[in-house]
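# A look at the structure
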Amino acid sequence: MTLGEKIGQLYGLWAGASENGAEVAPHQHDMDKPPSLAELLPDGLGQLTRPFGTVPVDPALGALSLLRTQRRIVAGNRFALPAMAHDECLAGFAAWGATTYPVPLAWGAAFDPDLVREMGGAIGRDMRSVGVHQGLAPVLDVVRDARWGRVEETIGEDPYLVGTTATAYIQGLETAGIVATLKHFAGYSASRGGRNLAPVGMGTRERADVVLPPFEMAVRESGVRSVMHSYTDTDGVPCAADEELLTGLLRDTWGFEGTVVSDYFGVAFLKTLHGVAGDWGGAATAALSAGVDVELPTVKTFGEPLREAVAAALLPEDVIDRALRRVLTQKAQLGLLDPEWSPVPPALAALAGADLGEDGLTGADLVAPEALERLRGTVDLDSPAHRDISRRLAEQSVILLSNREGRLPLRGPARIALVGPQAESPTAVLGCYSFPVHVGSQHPGTPYGIELPTLREALAAEFPDSEIVTVAGSGIDTADTTGFADAVRAAADADLVIAALGDRAGLFGRGTSGEGCDAESLALPGVQGQLLDALLDTGTPVVLTLLAGRPYALGRAVDEAAAIVQSFFPGQEGTSALAGVFSGRITPSGRLPVSVPRLTGAQPSTYLVPRLGQLSEVSNLDPTPAFGFGHGLTYTTFGWSDLRARESAPTDGALEVSFTVRNTGPAAGVEVVQVYLHDPVASVVQPVQRLIGYARVALEAGESAGISVHVPADLASFTGRNGQRVVEPGELELRLAASSTDTRLTARCTLTGPARTVDHTRELHARFTVTAGEAAGRS
């Protein structure tokens, strides 16, 4: 291959599919005008960026558009190499008409990797069916500051929860034949002040013990084939130019063999934002040398500037060969280099014999209006089966934070005042990277492509005999309080108030949650907090309902609301899930993947803090959360008993604990059993406790289950003073808990023998065995 042909495989072109089935057209991004496809064709093209996620397009016509472009790319280069097509899939395939699922923060709330794996498989099959090869998900960033706008895209504030959930999602995507992409590697969420793209000031242990473990788990266990570098710099080194991170750790230590792709424009940012490169060629040289293989979303630095850098002997050509080998290997894995490869995707292959023109899918007649109309609507990306997965995940992600005097479930109130800016917003359930928000918002008047029942509509269906009076009261982030009077009047005349508050997802300041929508504090946006207080003042019971992308301090409601129901953008089935929880049709089983703060400014804080991070006598600020990580109530109660534990084990052995969980209440329910490790004395400061395992245990009323947990000593490891991970002898506590703030049983154990150094081959999981027991009345 010529140098130009090699480089051609190392960049993408932002191309949106065409509504008339014609070839994709380059997306004219605001940053810079990319070259045309025709200019690039002789050297070939590595990637097509977001063919479905750029403009609203019927899925069948989008698949046709992508097919025709692939044919043109193959015909236009000497080796007949097709391009890989990638798209976003953070909360479902980001295409018009595709099922929207709950955002990743809701995945974390479900504590159910098996269901997340099932969802990943469904999303992956939809993407492959229309010709997409790679998905830019999941996000493995661990929440460090809830003010950060992209909290909704994360899975939570605990590395183990993030790692296990993300790994399951990747397994689903990869099993469906989609190249999953870990992002953002690494440290993006630890930015100072919770600001997007801000510098990261963490130390080596925080990076090693909090930020990196989810990525390490995914590389080891998921079969992931791509990694996206983070925008940020850590201690002055941008991730896109960090050879120690992208090559030394990721490849040489962990053994990753796939491709590293740039976050959008991330290579160019080495010049424009980080100032570690003086020109575009210098940025390309730094990124390739560090281990970045593909520049996305479109060619900028990997084009002519890279050729000039090689010509000037600033970059050896074998560095380009290294990246090329990885890219072509991945294309070979996908079958794109097979002699019999066809650009016709599975969704259209079944239509090849239909009356779509004289030459079938390749014929020019296919672009005729009558042929297009026959094709339109023939590809379904929102099947009943996929909506069912979205529904189940939404239901499992709803978190009952409080329920004073058992106000929920509701017993058919005669008059409900539904108050708040989320009451009648169809998109109140959607995150920033859902298609209707991410792309559809730029095309007003375009139908959503999916059904998005409002909370009012869901409540009307759930409570057909109740009168529902709806008042917005305020906007999401406005300062206008003129609607308060109507809201208070409706509340005073009702038997119950449902206060529907929260966020509007958006991009770069156009929302209150999402990429570039960082928060000054964790007060509810706009005047929603004042509206909530006004509703509480009426004396009518208030059920606070949150549809949000991050946790917020809830003020008086923590102690005064009749109940608090938290959801994190639960997807298109979300309002039905909330209504079902209100009625009792659904027993809530979600648990907090992030702590809910009591104070609006006690940030950054997560439950992963050492003793000095907790309440003390030397500061007047109390960072204790209103509701801690892992918290969530149900409509029943559980008793924990019969603790048995192995009191000691060697540092290369394992601890064993067993106990019984019994449903002592009147209804079926799910207890999320959580195991936390507390290390009282260690050679470096440790968090007071950290999650090392969990299991969802479903029990009927009166039923019990015996639970045994095998805890490898490796799970007690941490990064020691010499920078190596170590298991130290000494006392430990295994806290068997319903949340990080609700320990039910404590097993005090001892690790014996010498300190032991462990590496990336260490054991990562506790093993749970759940055995059904007798009903309480018969045991």
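Analysis parameters
- Residues numbered from 1 in each chain as written.
- Predicted model: local features only at pLDDT ≥ 70, side-chain atom pairs only at ≥ 80, totals over all residues.
- Heavy atoms only, no water.
- Helix = DSSP H or I, 4+ residues; strand = E, 2+ residues; numbered from the N terminus.
- Rg over C-alpha atoms; globule rule 2.2 N^0.38 Å.
- Buried < 20%, exposed > 50% of the residue type's maximum accessible area, 1.4 Å probe, protein only.
- Contact = heavy atoms within 4.5 Å.
- Areas by Shrake-Rupley, 256 points an atom, 1.4 Å probe, with all protein chains shown as cover.
- Lys, Arg positive; Asp, Glu negative; His and termini not counted.
- Charge placed at Lys NZ, Arg CZ, Asp CG, Glu CD.
- Core = buried A, V, L, I, M, F, W, Y, C linked by side-chain atoms within 4.5 Å.
- Pairing = 2+ DSSP bridges.
- Disulfide = S-S within 2.5 Å.
- Expected span 1.5 Å × (residues − 1).
- Axes fitted to C-alpha atoms, helices over the stretch in contact; angles between N-to-C directions.
- Left-handed = near helix turned anticlockwise from the far one by under 90°.
- Nonpolar A, V, L, I, M, F, W, Y, C, P; charged D, E, K, R; others polar.
- pLDDT = per-residue confidence, 0-100.
- Parallel < 35°, antiparallel > 145°, perpendicular 65-115°, else oblique.
- Salt bridge = Lys/Arg side-chain N within 4 Å of Asp/Glu carboxyl O.
- Phe/Tyr/Trp six-rings, centres within 6.5 Å; stacked < 30°, edge-to-face > 60°.

## Some details on the overall build of the protein chain
If you tally the helices and strands in the protein chain, you get 22 helices and 28 strands. Here the protein chain has a C-alpha radius of gyration of 27 Å; the compact-globule value for 779 residues is 28 Å, and the two agree. Dimensions of the protein chain, computed from C-alpha atoms along their principal axes, come out at roughly 75 × 70 × 50 Å. Across the 779 residues that make up the protein chain, the buried fraction comes to 62%. Taking the contacts inside the protein chain whose residues are at least 6 apart along the sequence as the reference set, 79% of them involve residues at least 24 apart. Of the roughly 27,200 Å² of accessible surface on the protein chain, 49% is carried by carbon and sulfur atoms. Taking the average place of the 61 positive charges on the side chains of the protein chain and the average place of its 92 negative ones, the gap between the two points comes to 3 Å.

## Describing the nonpolar core
Core analysis: the largest hydrophobic core is formed by 208 residues, its most contacted members being Phe93, Phe185, Leu554 and Phe582. Not counting the four nearest positions on each side in its chain, Phe93 is found in contact with Phe52, Asp87, Glu88, Ala98, Thr99, Ile123, Asp126, Met127, Val130, Val132 and Leu381. One finds Val661, Val697, Val709 and Ala747 within the second-largest nonpolar core, a separate group that totals 31 residues.

## Remarks on the sheet that holds strand S24 (residues 725-727)
Within the open sheet, the three strands sit side by side as S23-S24-S27. Their pairing is antiparallel. Two strands in the sheet have a free side with no partner beyond their single neighbour: strand S23 (718-719) and strand S27 (756-758). With two bridges connecting them, S23 and S24 associate as antiparallel partners. Of the residues in S24, the one forming a bridge with Thr719 is Arg725.

## Focus on the state of the cysteines
All chains considered together, the criterion is met by zero disulfides. There is no disulfide at Cys89, and the cysteine sulfur nearest it, in Cys432, is 15 Å away. By relative accessible area, which is 0% here, Cys432 ends up buried.

## A few points about the pairing of strand S19 (residues 654-663)
With eight of 10 residues buried, S19 is to be regarded as a mostly interior element. Across nine bridges, the pairing between S19 and strand S22 (residues 703-712) is antiparallel. Paired with Arg662 across the bridge in S22 is Ser704.

## Quick notes on helix H16 (residues 384-397)
With 14 residues, H16 extends 20 Å from end C-alpha to end C-alpha; this agrees with the ideal 20 Å at 1.5 Å per step. Every buried residue of H16 is listed here: His386, Ile389, Ser390, Leu393, Ala394, Glu395, Gln396 and Ser397. Here the buried face of H16 lies against helix H4 (104-110), helix H5 (113-129), strand S11 (399-403), strand S16 (563-568), helix H22 (574-583) and strand S21 (690-699).

## Looking at the packing of helix H6 (residues 159-175) against helix H8 (residues 213-221)
Two elements in contact, H6 and H8, have axes whose closest approach is 8 Å; the angle formed by their N-to-C orientations is 30°. Pair H6 / H8 crosses with right-handed handedness. Side by side, H6 and H8 meet where Pro159, Tyr160, Val162, Gly163, Thr164, Thr167, Ile170 and Gln171 of the first sit next to Pro213, Pro214, Met217, Ala218 and Glu221 of the second. Residues of the contact of H6 with H8, tallied by class, amount to eight nonpolar, four polar and one charged.

## Digging into unusual backbone geometry
The peptide bond linking Ala137 to Pro138 adopts the cis configuration, its omega dihedral lying at 5°. You can see Pro138 is positioned in the loop between strand S5 (134-135) and H6. The omega angle of the peptide bond from Phe185 to Ala186 is 0°, so this bond is cis rather than trans. Position of Ala186 among the secondary structure elements: in the loop between strand S6 (179-185) and helix H7 (204-211).

## A look at the confidence of the model for the protein chain
The pLDDT averaged across the protein chain works out to 94; a share of 94% of its residues lies at or above 70. Counting contacts from residues 355-359, a segment whose pLDDT is below 50, to residues more than four positions away or on other chains yields 10 contacts. Under a pLDDT of 50 for its full length, residues 775-779 has, in the predicted model, seven contacts with residues more than four places off or in other chains.

## Examining the packing of helix H18 (residues 455-462) against H22
Two elements in contact, H18 and H22, have axes whose closest approach is 8 Å; the angle formed by their N-to-C orientations is 40°. With respect to their mutual orientation, H18 and H22 come out oblique. Classified by chirality, the crossing of H22 by H18 is right-handed. In contact with Leu455, Ala458, Leu459 and Glu462 of H18, H22 contributes Thr575, Ser576, Leu578, Ala579, Gly580, Phe582 and Ser583. Considered class by class, the residues forming the contact of H18 with H22 number six nonpolar, four polar and one charged.

## Comments concerning the pattern of salt bridges
Summed over the entire model, instances satisfying the criterion amount to 38 salt bridges. Residue Arg391 pairs with Glu395 through a salt bridge whose shortest N-O separation is 3.1 Å. In this pair, Arg391 and Glu395 both sit in helix H16, four residues apart, roughly one turn of the helix. Relative accessible area serves as the criterion here: at 28%, Arg391 is assigned to the partly exposed category. By relative accessible area, Glu395 is classed as buried at 14%.

## A closer look at H8
Among the nine residues that make up H8, seven are buried, leaving the element largely enclosed by the rest of the structure. Listed in full, the buried residues belonging to H8 are Pro213, Pro214, Phe215, Glu216, Met217, Ala218 and Val219. Buried residues along H8 sit in contact with H6, S6, H7 and helix H9 (243-253).

## Observations regarding the sheet that holds S21
Strand order in this open sheet of five strands is S18-S26-S25-S20-S21, and the pairing throughout is mixed. Of all strands in the sheet, those with a lone pairing partner are strand S18 (648-650) and S21, marking the two edges. Across the sheet, the axes of successive neighbouring strands diverge by a mean angle of 25°, strand direction being ignored. Sheet analysis places strand S25 (residues 730-739) next to strand S26 (residues 742-752), joined by nine bridges and oriented antiparallel.

## Points about the side chain of Thr298
On the secondary structure map, Thr298 appears in the loop between helix H11 (280-290) and helix H12 (304-311). Not counting chain neighbours up to four residues away, the residues in contact with Thr298 comprise Gly12, Leu13, Trp14 and Pro34.

## Remarks on the packing of aromatic side chains
A complete count under the given rule lists 14 aromatic pairs for this structure. Between Phe111 and Phe629, the aromatic rings sit 6.1 Å apart at their centres with planes inclined by 55°, giving tilted as the arrangement. In this pair, Phe111 is assigned in the loop between H4 and H5 and Phe629 in the loop between H22 and strand S17 (638-645), connecting sequence segments 518 residues apart. The burial state of Phe111 is the same as that of Phe629; both residues are buried.

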